[in-house]
Amino acid sequence: KQFEAPSFDKESLLSKIHDKKETKTRRLIPSWMYAAAAILVLVVGFAYVYSTAGETFETGYGNQLVVSLPDGSEAILNAKSSITFDENSWEDNRTLSLTGEAYFKVKKGEKFTVTTNSGTVEVLGTQFNIRTAKNLFEVKCTEGKVKVATSNDETAILTVGKAFSKLEGETSNWNFDIKDETWREGESNFRVIPLKHVIDAIQNQYNITFIYDNIDTAQRFTGSFSHKNLKLALRTVFVPMEISYTFKDENTVILKKAK
């Protein structure tokens, strides 16, 4: 009661607002998230872009983001990944595009489609993981059933615990344990995959750069690495591959074939 608000010219302020022209078309944070923006950006590290092509959500290095879709379905994005969808047409066409890796929890309803540069996944209501990269398309089903179709019209039906991949032109199917720890819990897993993809994944999680001119990045790796400790991740991946690693500086690691 002892404080008094400063006076201001309400009519003049309103006039200035009306006269001001908005020219920005890209927003890092949607208007409905301003209240929590300061906390969310620090914890998650993401970008939101709205355009005529639809809404795009992106993650940065070492970040994950849970995106609630218009029907209540969820997309959980791994580091350096993005999804784009059109909210206005969502009720009639549940379709989104993915770059990178994401885990989906789909509400039952009409057909739900995820498109990538390498292929598509169609479901009615289920949970599944998609990993995409250059010459890599991998899908794992953890609930329900999914239909996978590659860009070359190769198809597969996956049920719980089944996985499909197309790697450098070759397709394969295998079983996996849905109880195993995943990147959502802080551990990335790989099965007979070129080392180059593992190196990219480590860079995405830790925001570091590798120099690896003297090693064979086509050799295959099976295993995992932790998102919580960089030195442990390096040791877990490269020691079994007989590759040495040294820090050139805080953010650069040199890889060489161990002698």
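Predicted model, so just to flag it, every value in this text is computed and none were measured.

Scoring rules and cut-offs
- Residues numbered from 1 in each chain as written.
- Predicted model: local features only at pLDDT ≥ 70, side-chain atom pairs only at ≥ 80, totals over all residues.
- Heavy atoms only, no water.
- Helix = DSSP H or I, 4+ residues; strand = E, 2+ residues; numbered from the N terminus.
- Areas by Shrake-Rupley, 256 points an atom, 1.4 Å probe, with all protein chains shown as cover.
- Pairing = 2+ DSSP bridges.
- Axes fitted to C-alpha atoms, helices over the stretch in contact; angles between N-to-C directions.

A.B. asks: Describe in detail the overall build of the protein, supporting the description with residues and values.
C.D. replies: Helix and strand content of the protein: 4 helices and 20 strands. Carbon and sulfur atoms make up 49% of the accessible area of the protein, which amounts to about 15500 Å² in all.

A.B. asks: Requested: an account of the sheet that holds strand 17 (residues 209–211), with residues and values cited.
C.D. replies: Taking strand neighbours across the sheet as the criterion, the 3 strands line up as 17-20-19 in an open arrangement whose pairing is mixed. Each of the sheet's edge strands pairs with one partner strand only, and the pair in question is strand 17 and strand 19 (243–249). Between one strand axis and the next, the sheet turns by 30° as a mean value, whatever way the strands run. As paired elements, strand 17 and strand 20 (residues 252–257) share 3 bridges and run parallel to each other. Directly across from I211, in strand 20, lies its bridge partner I254.

A.B. asks: Before we move on, could you go through the pairing of strand 19 and cite the residues and values that matter?
C.D. replies: Bridge count between strand 19 and strand 20: 6 bridges; the pairing is antiparallel. Note on strand 20: the bridge partner recorded for I243 is K257. As consecutive antiparallel partners, strand 19 and strand 20 are separated by 2 residues.

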